Every structure is written in structure tokens, then in C-alpha cells.
Amino acid sequence: MTNRTKRVALVAAVSTLSMIGLAACGGSSTPSTGSTGGGGGSSATPVKGGTLNMLGSGDIDYMDPNISYYSIGYLALRLWSRQLFSYPAIEGKTMSAAPDLADAMPTIGNGISADGLTYTIKLREGAKWNTKPARQVTAADVVRGLKRTCNPAQPFGGLPDYEDLIVGMTQFCNNFAKISDKSAKGIAAYMDKTDLPGVQAKDELTVVFKLTHPASFFTDMLTMPAFSPAPKEYDQYVPASAELAQHTISDGPYQIDSYTPTKNITFSRNPAWDGATDPIRKAYVDKVIINETVTQDSTQQQLQTGGASADMEFDNFPPPSQIPALIAKKDPNLNVGPTASTNPYIVFNTASPNNNKAMGNVKVRQALSYALNRNNIIQVLGGPTLNKPLSRVLPSNIVGGEQGFDLYPYDPAKAKQLLADAGFPNGITLKMLYRNSSEGSSKTFQTAQQDLSKAGIKVEGVPSPNADFYTKYLQVPSVAHRGVWDLAVAGWAADWYGNAALSFFNPLFSGKPSFPPVGSNFGLYDNPTSDQMITQAATAKTEDEARTLWEKADKQVMSDAPFFPITNPQQVNYHAAQVHNAIYVPAIQNFDPTNIWLAADKQGG
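Residues numbered from 1 in each chain as written. Predicted model: local features only at pLDDT ≥ 70, side-chain atom pairs only at ≥ 80, totals over all residues. Heavy atoms only, no water.

Chemist: An account of the overall build of the chain is requested, with residue identities and associated values reported.
Modeler: Counting its secondary structure elements, the chain contains 19 helices and 27 strands. Its C-alpha radius of gyration of 24 Å places the chain within 12% of the 25 Å reference for a compact globule of 605 residues. Along the three orthogonal principal directions, the C-alpha set of the chain runs to about 75 × 55 × 45 Å. Pairs at least 24 apart in sequence give 74% of the contacts found in the chain among residues at least 6 apart. Total accessible area computed for the chain in this model is approximately 21200 Å², and 51% of it derives from carbon and sulfur atoms. Between the averaged position of the 50 positive side-chain charges in the chain and that of its 52 negative side-chain charges there is a distance of 3 Å. (Helix = DSSP H or I, 4+ residues; strand = E, 2+ residues; numbered from the N terminus. Rg over C-alpha atoms; globule rule 2.2 N^0.38 Å. Contact = heavy atoms within 4.5 Å. Areas by Shrake-Rupley, 256 points an atom, 1.4 Å probe, with all protein chains shown as cover. Lys, Arg positive; Asp, Glu negative; His and termini not counted. Charge placed at Lys NZ, Arg CZ, Asp CG, Glu CD.)

Shown next, in the form of C-alpha cells:
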């Protein structure tokens, strides 16, 4: 069973928004990165109480922890759903997994077997669902949650990350997809009667994961909401359904009082939550109200005005036109934070029949890499402060990507020589796919077109509406085989952080198993040597071993030049002055709402 459509669609949406936003910053002077703690008072004594008002113009994807696959969905989940491991709102540790429902980080000999194939996770006693009466979150709930991720009604979009890693899950999911009764009753019946060998409840508070091969990244992967426990009451509803969204059960500090899709979400304190069992969330405020009907410009205006009913963004970010001024004046309420992505990048169609299959020739792809000027593209996207240069597969904040290297420094003369060596002494004409409604995508195309012309490479544009870009072009291999495009502007982000190299290599560069629509290897790159190196790195027992192997895999892939990386961009966020302890957490692309507190004189309402 495979489903990566959701992930690709969301990457497209995020890429479009961020590229439009950052592109508008072009021409600014060297800006400050602004505040990191936010509010100018994170060291003061926290004030409890009040209502946190969040403003946005869009909604979550699903009010279902096991199915949500969207940073805004994850932002809402932070309030009411707990995971085995999460990212703490602690400066310097926001991309490092820490125990949440789990009572400790597993290590070899203490939770992880010597062969790296078995993970035994103990849950915290006292973590409870807000049922009546309140009930302990159990290992059986964790098993139920993971089973739900490959339900046939709406499976989790990132399933390929772990489907072949957990023992028996591929077969479990394949058979799940074939059930005839896809109602809530039919889905629950299949889960009840069908064993998943790789996830077992050893006792009420102990869950055991069995893996098909060692995976040094598995603890980091367990931060994904897909691995959240699910209460037995969820068996009454189809996963990700509108009905379930109105009958949620919380194990976090807040519970959902009301949810009107695309309008608002209201949270209040969860009486079953005990802060002593939750090392991740302080839950200073009493109530959270999310208004999803506020425009981007209005959100920013209200946050800057300082009214008590506007504290923080939901899915809105500062308007592109205002970012340069905010940075220039070093506004203390602005934050420029890290991501872990390669966005945008230019993918090369290795299967294109054009120019006598020129794109299948590594020398042609290497020539393109030498002819593209990364600095020029970054400049039109907003400059290097908001767009950190990236010249390899892995960003520097992913294990294995710490040591930077650039195999293709800008050199149009070198590019011309390689083209001549490949049999194109008079240059070549290529077709480039891009989203014409995205300012960032359009400017990337225009800049690449100009740069490549200096090496004798003519580029013709293939504009696409956002809605068609992935679904009608990149996700359809036959389109690549027909040569509709030779180059395309795409984007990618990690599914988790830290030891997350697999979430780049597996979907983008692992040969036929990563071809669309299953994966996102849009250029149909396939090299058995790279596949072998990816497998070796993915099965490393330790993080240190994985780091070395991912470094080698990165250099191998880049030597084949299947794509041209450009930047690991920064994320820009803003909050009102009354918000304190605003710690940016990359996984939710925002400040952590469960750890902020409001000034005593502006407690919302």
C-alpha cells in the first residue's frame, strides 16, 4: 500500500508560500535574524492564565493525530495530542527528540536490543485520556494508533517512511487496503482481528517495536504524530473523518471544546492532564482560540497593534512586503528560524528522450550543475540570510549533513567543456517546468534561464498552475518519459528532524522504489550503487555510523548530479508584544503555543 500524494501536495503548498514570501525580500540590506526567544521577557517569571488568541486564514488538514500530515495540523495537535517523543521548546534543543509519553530515551541495552531490531518503550504512568472517568494511556492505544495509519479510507501520507521497516506492516497494510467494508465498523473489525507483529503491547505500559533492519533514526521517527496513541473510542469513526473531528479525545494539556472547519477552533484545559507527567508542555494559558478567518495582512496589523485579542499567528506568516522593514528595525517580536529542507531545488529528468536522451548523460547533468549560479537564485528568493546556501542533498541540521561540500562551484567554462565532451559542442535546448503563479518558482526559472544561457544552454519555460504541477506533471512518470520537461523547480522537507537523512534519500533518490506516484523521485534517477549506499546508511546501528555512511551516500548521489540543490530556507514568524517565552519549534513552523505565557495586563478574552 502506498500513498504519498498528500505529502507531495503539502510540500507544494508550503514551497509556494515560502518562496513567494522570501522572494519579496530581495534587495534588502544584510538583515538581523531578529528574536529567538521572543517577547523580550522569556527570562521573567511566567504568568499563568488568560486566553491565547491565534489568527490565521486556513485550516488543519485532519483533526486526527495518526493521519495529519501538515505542519499546521501538527501545530494544532501540539495542544491536545501527545507522542512517544517530541521536540522540546528549549533553545538549542528544538530539533532533538525528547521523551514525551515515553519515560526515557532508549539506548542500546536500555530499551534497544543489541542487534538494533527491537525497541521497548515504557509509557509514563499517569498520562490519561480525558474520558469519563479519565483513563490511562496504554501500550494497546499505541498499537491501535499505528494500525490506523494505513486504513483504507484515508491512510497517512508518510506511510512509506516506515511501512517496510516495521515487521509485518507491509502485509498488514496491503491486506487492510483490500477489505470490502470500509466503514468505521469494518475498519475496526480488521484491526481487532489482524495482528501487527512489529508492534505489540507487552503489558499495559510497555510497547515493543520490532524492525526488519537496524535503524539508528527510529527514535527520531517516533516523534511523528502518526505514532500517537489512539483511544478505543476512535473505533466508532472512520479515520480522518469529519465525525471524528467532532469527537476527539485528548491526552494533552488542552481539549477541543469546539471545531468549525475553516472558521475556528476553541481549546480549554484538559482536567485529566497532569503536568507532572508531561515534560514537553507547560500549558501556562487557560484557553486557546484559533480564528481561521483573518487575512495575512490583517493578522500582521493586529499583532503589531498589540490588542489583547491578537497574540500569535496560526497558519499566516508576516506579509512578504513587510519582512525587510521588520528585519531592518530588528523588531524583537520577529523570529527567523531554521527548517530542514531543500526548497527549492531543480530536478533533472534523467528519462527525457529529448536531445537524443541527453539528460540521461551524467556529463550533461554535471554541466548544468556547473552552469547554474546558486547565489543568483538565492538573491531573487530574498538573499542568503533567509535562504542558507545548500550544495548537497542533506541540510547541515540533519545528521550526515554537517560537513558541507560543493562538487559544482559556478563555472560556465567548465559547463561548456562538459557539454562538448558529451557531444553538444554547440549547446543544447531544454524545457523547464515551473509554477507561474508562484513568484519564487517563476524567479527561479527566470534566473536559471539566464545563467544557463551563458554556457550555451537555451531554456524554454513550461508554466504550470499550482494545482497541476505535481498531480499532472511530476507525479506522472509517463510525462517525464515523454519529455514534457527536462528541468523542474520542486521542494522537499524532512518528516522528522535530527537523524532524518532517510526522509530525504528514500523518497528522492532510491531508484525505482522511489519513482512516482509512490515516491518523489521525479527525475527517475536510478543508480544501484547509490541504492546500496542508501541501504547501508539506513541500516546503521548507531547515529555515528549512520553519519559517516550518509555522508558517503550524499557524495555518491551528488556525483551523479540528479538535481541541483539551492537552499535550506529560514522560516519567518511574528507574535504580539504581550507574548513571552515564544520558542520557535521547526516541526510546527511556529512558536510553541503550549509554552508561551501572556503579560499580566493582556490576558486575552
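Chemist: Pulling in residues and values, what's your account of the sheet that holds strand β18 (residues 428-435)?
Modeler: Strand order in the open sheet formed by five strands is β19-β18-β20-β16-β21, and the pairing between neighbours is mixed. Lying at the two open borders of the sheet, with one neighbouring strand each, are β19 (457-464) and β21 (563-565). Averaged over all neighbouring strand pairs, the angle between strand axes comes to 30°, with direction disregarded. As paired strands, β18 and β19 are joined by eight bridges and run parallel to one another. When the sheet's bridge partners are listed, Leu430 is paired in β19 with Val459. Where helix α15 (residues 466-474) meets the sheet, it contacts β18, β19 and β20 (487-493), and its direction lies at approximately 125° from that of β18. (Pairing = 2+ DSSP bridges. Axes fitted to C-alpha atoms, helices over the stretch in contact; angles between N-to-C directions.)

Chemist: Residues and numbers for the pattern of salt bridges, please.
Modeler: Between side chains of opposite charge, a pair can form as their charged atoms come close. Under the defined criterion, the tally for this structure stands at 21 salt bridges. Here Arg82 and Asp100 are joined by a salt bridge, their closest N and O atoms 2.9 Å apart. Here the residue Arg82 occupies a position in the loop between α2 (71-80) and β2 (85-86), and Asp100 occupies one in the loop between β3 (98-99) and β4 (107-108), the gap between them amounting to 18 residues. The same class applies to Arg82 and to Asp100, which are both buried. When the shortest N-O distance is used, the salt bridge between Arg144 and Asp235 registers 3.8 Å. With Arg144 in helix α3 (residues 139-148) and Asp235 in the loop between α6 (218-221) and α7 (242-245), this residue pair connects regions lying 91 residues apart in the sequence. (Salt bridge = Lys/Arg side-chain N within 4 Å of Asp/Glu carboxyl O. Buried < 20%, exposed > 50% of the residue type's maximum accessible area, 1.4 Å probe, protein only.)

Chemist: Outline the sheet that holds strand β1 (residues 51-55), listing residues and values.
Modeler: Reading across from one edge, β11-β12-β13-β1-β14 is the order of the five strands in this open sheet, with mixed pairing throughout. With one partner strand each, in any of the chains shown, β11 (254-260) and β14 (312-313) form the two edges of the open sheet.

Chemist: Residues and numbers for unusual backbone geometry, please.
Modeler: The step from Lys132 to Pro133 runs through a cis peptide bond, and the omega angle for that step is 0°. Here Pro133 is to be found in the loop between β7 (128-129) and β8 (135-136). The phi torsion at Asn356 lies on the positive side, around 60°, for a residue other than glycine. By the element assignment, Asn356 lies in helix α10 (residues 354-357).

Chemist: Got a sec to walk through the packing of helix α11 (residues 362-371) against helix α13 (residues 412-421)? Specific residues and values, please.
Modeler: Between α11 and α13, whose axes approach to 8 Å, the crossing angle comes to 165°. The orientation of α11 with respect to α13, classified from their angle, is roughly antiparallel. Where α11 crosses over α13, the two elements pack in a sense that is left-handed. Across the interface between the two elements, Lys363, Val364, Gln366, Ala367, Tyr370 and Ala371 of α11 pack against Pro412, Lys414, Ala415, Leu418, Leu419 and Asp421 of α13. Partitioning the contact of α11 with α13 into residue classes produces eight nonpolar, one polar and three charged. (Parallel < 35°, antiparallel > 145°, perpendicular 65-115°, else oblique. Left-handed = near helix turned anticlockwise from the far one by under 90°. Nonpolar A, V, L, I, M, F, W, Y, C, P; charged D, E, K, R; others polar.)

Chemist: I'd like a rundown of the state of the cysteines, residues and numbers included.
Modeler: Evaluated as defined, the whole model comprises one disulfide. Between the sulfur of Cys150 and that of Cys173 lies a disulfide, 2.4 Å long from S to S. Judged by the torsion about the S-S bond (-90°), the Cys150/Cys173 disulfide is left-handed. In this pair, Cys150 is assigned in the loop between α3 and α4 (169-177) and Cys173 in helix α4, connecting sequence segments 23 residues apart. Residue Cys150 shares its accessibility class with Cys173, and that shared class is buried. (Disulfide = S-S within 2.5 Å.)

Chemist: For the environment of Tyr254, give the residues involved together with the corresponding values.
Modeler: You can see Tyr254 is positioned in strand β11. Taking the relative accessible area as the measure of exposure, Tyr254 reaches 0% and is therefore buried. C-alpha separation for the pair Tyr254 and Gly50, spaced 204 residues apart in sequence, amounts to 13 Å. Excluding its chain neighbours within four sequence positions, the residues that come into contact with Tyr254 are Leu79, Trp80, Phe267, Ser268, Arg269, Asn270, Ala283, Tyr284, Val285, Asp286 and Lys287. Reaching out from Tyr254, the side chain makes a polar contact with the backbone oxygen of Val285 at a distance of 2.6 Å. (Polar contact = N/O pair within 3.5 Å; in protein donor to acceptor, adjacent residues only side chain to side chain.)

Chemist: Before we move on, can you summarise helix α5 (residues 184-193) with the specific residues and values?
Modeler: Taken residue by residue, α5 has Ala184, Gly186, Ile187, Ala188, Tyr190 and Met191 as its buried positions. Among the structural elements, α3 and α4 are those in contact with the buried residues of α5.

Chemist: Describe the pairing of strand β10 (residues 206-210), and please don't skip the residues or the numbers.
Modeler: Of all the five residues making up β10, four are buried; the element is thus mostly covered by neighbouring parts of the structure. Two elements, strand β6 (residues 118-122) and β10, share five bridges in a ladder whose sense is antiparallel. If you follow Thr120 over to β10, its bridge partner there is Val208. In textbook terms, the turn of a hairpin is the stretch between consecutive antiparallel strands, and for strand β9 (residues 199-203) and β10 this stretch comprises two residues.

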